[in-house]
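Take a look at the letters that make up each chain.
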Amino acid sequence: MYDQGQSEVCVQAIFTLLDNLGQWVDDLKQEIALSQSSHAMAGKHAGKLKNDGQDQLLVQCSNVAELLAAIPKVTLAKTSFRCQAHARALAYFESHVREMSGSSNPAAECSGTFSDDDISFLMEIYGGLDEPDGLLAMIAHADGLVRRIPQYKKTWCMQGVQAAWRLGRWDLMDEYLPEADKGLVCSSSENSASFDIGLAKIFKAMMNKDQFMVAEKIAQSKQALLVPLAAAGMDSYMRAYPYIVKLHMLCELEDFNSLLGDESFLDKSFSADDPNFLKLTTDWDNRLRCTQSSLWAREPLLAFRRMVYNLSHMNSQVGNCWLRYAKLCRLAGHYETAHRAILEADASGAPNVHMEKAKHLWNIRKSDSAIAELQQTLLNMPAEVLGNVVLSSLCSLSLALPNAPFSATQASKENPDVSKTLLLYTRWIHNTGQKQSEEIRCLYNRVTELRPKWEKGFFCMAKFLDDLLVDARKRQEDKKFTAGVGSATPSSAGPLSTQAQEKPWWELLPTVSLCYAKGLHKGHKNLFQALPRLLTLYFEFGNIYIRDDNSSNGGMVTVHNRMLSIIRGSSRDLPTYQWLTVLSQLISRICHQNGDVVKTVRYIITCVLQAYPQQALWMMAAVSKSTVSARREAATHILNSAKKGCRKGGNVALFNQFPSLIEHLIKLCFHPGQPKAKAINISTEFSSLKRMMPLGIILPVQQSLTVTLPSYDSNMSGQSAFHPFSVSEHPTIAGIADEAEILSSLQKPKKVVFLGSDGVARPFLCKPKDDLRKDSRMMEFNAVINRLLSEVPESRRRKLYIRTFAVVPLTEDCGLVEWVPNTRGLRHILQDIYITCGKYDRMKTTSQMKRLYDECHASKMAEDVMLKTKILPLFPPVFHKWFLMTFSEPAAWFRARLAYAHTAAVWSMVGHIVGLGDRHGENILIDATTGDCVHVDFSCLFDKGLQLEKPEVVPFRLTQNMIDGLGITGYEGVFLKVCEITLSVLRGHKEALMTVLETFIHDPLVEWTKTSKSSGGEVRNPQAQRAIANITARLQGVVVGVNAAPSLPLSVEGQARRLIAEAVSHKNLGKMYIWWMPWF
């Protein structure tokens, strides 16, 4: 008899054999089908000998396929599950379900349903995979299925052990431990439980003062973690992280045990001023800060510390642990658990419980209770610190009387807490409209006085004042417009006289701008929101000042001069790398109508060029070659100033080399090549470009052009010396390949390969006749979204992101795009699979589809009926096969499919918000190494797709094959959950996103201003305004811009489901342009 270990090795050997055979069959079938198809296209016929060889291979292939088909997929799935190969079990079982009942796919011809047994087994598999989003899908399909929990005593005992040591119930731990330890199987689903049982045994040994047993049990626990840690570490740090947290826990146990000496921890207690214990707890706190800020990672560590502090009766430290736990629970959405933890913290006498309690109440939508909690907290604080304004505000809202003031020494220590609490209170009463704006302004002022070096205080005040300014401006401009349209009657003078006393909106501008500037001076946490907004306000006012010729208006002149001095002061005080983050916005305004504004803009751009010439020169390329003479001359003037200011050396050479390189690249973009040639010989046709090599200019790849901010921003003093780019890190252009490939698409773009100074060859796409300025700004917008996704725990845990790449416009109608490696268009992937299945013929299918569409339109058949009955039956969904063929190893298959679901969902939501159209199968690429979904070509932004002859009425591409790639549960589960998370992040940060998007309106670079080629000055137009209005509505939950009547604002979940319903609707898909290919 084989033992368990040998048995699993044998099973794994069989699995490997089956994988290899399956891969061979798939590869062979596809190779033969594609070669036959290409021969047919070329009009060639293979010789008889070749046909005989192919026939023989096909017979062998058929025999192997029959053998593989004869092995029941259920048997393979259950065997895989028994060996804890959960990804493999899922792959086999999904294959079985597809054969038996199909998959859930509302965009396809028909959609399958699942049996209760299928759902139960899939739930078990997803439980083992630790993929909660997949479990959600099963629950959605369960349709009333009651989960039968196996009545195993062992399971309950395991959970009992986990609870017992956390609660310090050692008697219960002794009771549960023997039962839980009986026949323990170390499967991944029981991995945490088995680790906890190991911990319980260590605690037991420590109680019994058995040092030998403690050392042995710790060593055993470490040993048990080594193999899975090594395996997970080969994959990624994130997958290895749970094991690292467990080792962290064991390390702290060892530290604590060494402090105990030979005593039991039940008998020995420590005092807070014991130097050894103090050093230990300080180290623990420092280590905790380095852990991932998530509930699952920190909960066991906090539970252990709570136990240690409890034994020494250190109540405030116990309370502090409960408070940290409460915050983690609140952020994870476990409000009931958070509430219980807050009660425990309060009972232990932890400081600052009120803040956490108030945030918890606010999160569960009890805003009045939350504000009352903060009021009480503030009223308990020293009166001399709060100040009279705050006290009168509190007393006018609250019935509670202030307690006796604290001593001054205590008050001075608690200033950060006072300012934090006061800021939160002010923001909340502003949100709930419980105070007048003047009073709220005074409260914000007090926050900045209490903590003058706190960036957040100034930023929140700036946002509040900015909202007041926007509101006042809208009101005053509407009133002016109404007065201009209708004749003002004397009777209307009464109500208007009160409004007439309101100060002009622009008088607020210097105050708002100064708050933004002070915040930026204190830190860079809100850099990507504050600096673009500060510049937008400055540019707008500069326009108004010149447009209405306000040089005789004393108030306007004062505001204009103050705005100039604020921007000039900021240009001197803020580190140059911060200006680099808004360089594209600055470049767009180099022909501003206001001469003073132009001087400031040119000065800042010159400073950035001198500090970071490598990055700034690439960003200046398009404007330096602009077709608008005013812009071109302004750019030349700036470049010459920067060049003069550079000290002699490398940088001067850089300024000399750059124009020549750009000229050559523009010529290369537009070079037609020889007739029918598939490549351009660089050595002969661009010999001067070849001779320029090597260059000291960096390769314009995404990594080299992205600013990296300092990690900590509590102290801005040392940041003037900070370098966001290191010359040694980024490769320069060392050479260029001898040939540039000419691609077959309409505009004939060229694939050019540059050789980097690091020896790596990097391809770029030289695109002619295409305005890449929108694409470039879209990449900047995506970078902001990636930052937001990395800040929110839900999206950070799932590692959600948008794949970005460098886009460098060279002129208004050509540019360079960084080649995204290992990717292929969705249409080409699907076409190859359909050819292999015999469903697509390169010679006939296109004309057949055109004929079908024409016939259906001629007979006036409804679009949804045509799609469902005539088109979809010809092309059953097949995209799932690509994942199985490309990722033959099941764990890699599961990761790739998960990555596809994540990236497709994020792109769907972001694309809808910005009105991204033209999402046909060639503009959606799939990465063959990771499964990532990558979108390219952003020329159809801001609902331009709705203005096409055949409007693009779906909010994003979610056709039958896109859904098929998500697995048998379709969009339920992972895709839907990620859509909800992404929408939640976008809607929760709408101000930050709108600040970035508003720069599009005022940016004369974007494509919608091409029609106005007057002077190269500023252009404002209604199309831009309409686009921004649509985006604002979408960020509020309104379904707008798709083939549906605008809705009332929906919840995040409601909006996500509604958009998906619109995307998969046969009625909408049937209306799409034929070559958008709604069947692919």
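Residues numbered from 1 in each chain as written. Predicted model: local features only at pLDDT ≥ 70, side-chain atom pairs only at ≥ 80, totals over all residues. Heavy atoms only, no water.

Caption draft 1: Structural detail: the overall build of the chain. In terms of helices and strands, the chain carries 49 helices and 10 strands. Among the 1080 residues that make up the chain, the fraction classed as buried is 51%. Put simply, of all contacts in the chain between residues at least 6 apart along the chain, 71% involve residues at least 24 apart. Total accessible area on the chain stands at roughly 49700 Å², and carbon and sulfur atoms take up 54% of it. (Helix = DSSP H or I, 4+ residues; strand = E, 2+ residues; numbered from the N terminus. Buried < 20%, exposed > 50% of the residue type's maximum accessible area, 1.4 Å probe, protein only. Contact = heavy atoms within 4.5 Å. Areas by Shrake-Rupley, 256 points an atom, 1.4 Å probe, with all protein chains shown as cover.)

Caption draft 2: Highlighting the pattern of salt bridges. The full count for this structure, using the stated rule, is 29 salt bridges. Between Glu 449 and Arg 446 there is a salt bridge, and its shortest N-O distance comes to 3.0 Å. In this pair, Glu 449 and Arg 446 both sit in helix α22 (residues 437–450), 3 residues apart, roughly one turn of the helix. Residues Asp 927 and Arg 803 are paired through a salt bridge, measuring 2.6 Å at the closest nitrogen-oxygen approach. Taken together, the positions of Asp 927 in strand β9 (residues 924–927) and Arg 803 in the loop between α38 (793–797) and β6 (807–811) put the pair 124 residues apart, joining distant regions of the chain. (Salt bridge = Lys/Arg side-chain N within 4 Å of Asp/Glu carboxyl O.)

Caption draft 3: How the structure looks around helix α4 (residues 86–101). Here α4 contains 16 residues, and its C-alpha end-to-end distance of 22 Å stays within 8% of the 22 Å for a straight helix at 1.5 Å per residue. Along α4, 13 of the 16 residues are buried, which leaves the element largely enclosed by surrounding structure. Following α4 by one or two positions, Gly 102 adopts a phi angle in the positive range, close to 80 degrees. (Expected span 1.5 Å × (residues − 1).)

Caption draft 4: A look at the sheet that holds strand β10 (residues 933–935). One open sheet accounts for 3 strands, arranged β8-β9-β10; its pairing is antiparallel. Where the open sheet ends on each side, the last strands, each with one partner, are β8 (823–825) and β10. The mean angle between the axes of side-by-side strands here comes to 35 degrees, regardless of whether they run parallel or antiparallel. Both β9 and β10 contribute to a ladder of 3 bridges, which runs antiparallel. Pairing of Leu 925 across the sheet is with Val 934, part of β10. In the packing of helix α39 (residues 826–836) onto the sheet, the strands contacted are β8 and β9, and the crossing angle to β8 comes to about 75 degrees. (Pairing = 2+ DSSP bridges. Axes fitted to C-alpha atoms, helices over the stretch in contact; angles between N-to-C directions.)

Caption draft 5: A look at the nonpolar core. Membership of the largest hydrophobic core comes to 130 residues, with the highest contact counts inside it found for Leu 958 and Trp 1079. Looking at which element gives the most residues to this core, the answer is helix α43 (residues 890–913), with 14 residues. For Leu 958, the residues in contact, after removing those within four places along its chain, are Ala 107, Ile 963, Tyr 971, Phe 975, Ile 1060, Ala 1063 and Val 1064. Of all hydrophobic cores here, the second largest spans 121 residues; its members include Leu 361, Val 390, Trp 428 and Leu 443. (Core = buried A, V, L, I, M, F, W, Y, C linked by side-chain atoms within 4.5 Å.)

Caption draft 6: Region of the structure containing the pairing of strand β3 (residues 739–742). The alternating pattern of β3 places Ala 740 and Ile 742 on a buried face and Glu 739 and Glu 741 on a face that is not buried. The pairing of β3 with strand β4 (residues 750–756) spans 2 bridges and is antiparallel. Directly across from Glu 741, in β4, lies its bridge partner Lys 751.

Caption draft 7: Unusual backbone geometry, seen in detail. Omega for the bond connecting Met 693 with Pro 694 falls within 30 degrees of zero, at -5 degrees, which places this linkage in the cis form. With respect to the secondary-structure elements, Pro 694 resides in the loop between α35 (687–692) and α36 (702–705). Unusually for a residue other than glycine, Lys 769 sits at a positive phi of about 50 degrees. Structurally, Lys 769 is set in the loop between β5 (761–768) and α37 (773–791). When its relative accessible area of 56% is taken as the criterion, Lys 769 is described as exposed.

Caption draft 8: Representation of the packing of helix α13 (residues 295–311) against helix α14 (residues 315–331) in the model. Interaxial distance between α13 and α14 falls to 9 Å at its minimum, and their mutual angle equals 165 degrees. Judged on the interaxial angle alone, α14 and α13 are roughly antiparallel. Once α13 is placed against α14, the crossing between them reads as left-handed. Contacts between α13 and α14 involve Leu 295, Arg 298, Glu 299, Leu 302, Arg 305, Arg 306, Tyr 309 and Asn 310 on the former and, on the latter, Gln 317, Val 318, Cys 321, Trp 322, Arg 324, Tyr 325, Leu 328 and Cys 329. Taken together, the residues of the contact of α13 with α14 break down into 9 nonpolar, 2 polar and 5 charged. (Parallel < 35°, antiparallel > 145°, perpendicular 65-115°, else oblique. Left-handed = near helix turned anticlockwise from the far one by under 90°. Nonpolar A, V, L, I, M, F, W, Y, C, P; charged D, E, K, R; others polar.)

Caption draft 9: Expanded view of the pairing of β9. Side chains of β9 alternate between two faces, with Ile 924 and Ile 926 and Leu 925 and Asp 927 buried alike. Sheet topology note: the β8/β9 ladder contains 3 bridges and is antiparallel. Bridging across to β9, Arg 824 finds its partner in Ile 926. Hairpin connection, β9 to β10: the antiparallel pair is bridged by 5 residues, and Gly 931 has positive phi, about 90 degrees.

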